[in-house]
Amino acid sequence: MSMFGGFGRPQPSSAEKIAAAEAEMDLVTDMFNKLQQACMKKCIPKEYREGELNKGEGVCIDRCAAKFFDVQMKISELLQQEAQAKGAGGGGMGFGGM
């Protein structure tokens, strides 16, 4: 049993939960805006010829969004690994999950 089991950790208050939810909404909104800007710039011509997306534009948007989320997931995984390595490296006890 770990002595860092989190028994003394205080529960977040309602205000802290609301602030965390607002911060998460800001991050999601920012990611959506970046996705929209990147894929619009790449897939949609500056001058519109039709009111609807044509097949090529639709396919491009689909692929662009898939690649965007793929990259975001890989970055997230790398950042989590880095954070875990920093957390595990600080104790001087070496590696291992026991």
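The sections below set out a description of the structure shown in this document. (Residues numbered from 1 in each chain as written. Predicted model: local features only at pLDDT ≥ 70, side-chain atom pairs only at ≥ 80, totals over all residues. Heavy atoms only, no water.)

### Comments concerning a nonpolar patch on the surface
Here is the rule we go by: Patch membership requires over 30% relative accessible area and the absence of a salt bridge. Like charges are linked within 9 Å, and nonpolar side chains (Val, Leu, Ile, Met, Phe, Trp, Tyr) within 5 Å. Reported accessibility uses the Shrake-Rupley method at a 1.4 Å probe radius. Residues are deemed covered only where the shown protein chains occlude them. The working definition used for a salt bridge is a side-chain nitrogen of Lys or Arg within 4 Å of a carboxyl oxygen of Asp or Glu. Under the scheme used here, helices are H or I runs from DSSP no shorter than 4 residues and strands are E runs no shorter than 2 residues, and both carry numbers assigned from the N terminus.
A cluster of nonpolar side chains, namely Val 71, Ile 75 and Leu 79, defines an oily patch on the protein surface of about 260 Å² accessible area. Mapped onto the secondary structure, Ile 75 falls in helix 2 (residues 55–89).

### Points about the packing of aromatic side chains
Within a pair of aromatic rings, the relevant descriptors are the distance that separates the centres and the angle that separates the planes. Our working rule: The aromatic pairing rule takes the rings of Phe, Tyr and Trp, using the six-membered ring of Trp, and pairs them if the centres are within 6.5 Å, calling planes under 30 degrees apart stacked, those over 60 edge-to-face and the rest tilted. We call a residue buried when its accessible area falls under 20% of the maximum for its residue type, exposed when it is over 50%, and partly exposed in between, using a 1.4 Å probe and counting protein chains only.
In this structure the tally under the stated criterion is one aromatic pair. Residues Phe 68 and Phe 69 carry aromatic rings whose centres are separated by 5.9 Å and whose planes lie at 90 degrees to one another, so their mutual orientation is edge-to-face. Exposure remark for Phe 68: the relative accessible area of 15% places this residue in the buried category. You can call Phe 69 partly exposed: its relative accessible area is 43%.

### Digging into the pattern of salt bridges
Working definition: two side chains of opposite charge can pair if their charged atoms are close together. Throughout the structure, instances matching the rule amount to three salt bridges. Salt-bridge contacts for Glu 47 lead to Arg 49; the nearest nitrogen and oxygen are separated by 3.5 Å. By relative accessible area, Glu 47 is classed as partly exposed at 44%. A salt bridge links Glu 82 to Lys 86; the shortest N-O distance between them is 3.6 Å. Here the residue Glu 82 and the residue Lys 86 both occupy positions in helix 2, the gap between them amounting to four residues, near one helical turn. Since its relative accessible area comes to 44%, Glu 82 is described here as partly exposed. With relative accessibility at 61%, the residue Lys 86 sits in the exposed group.

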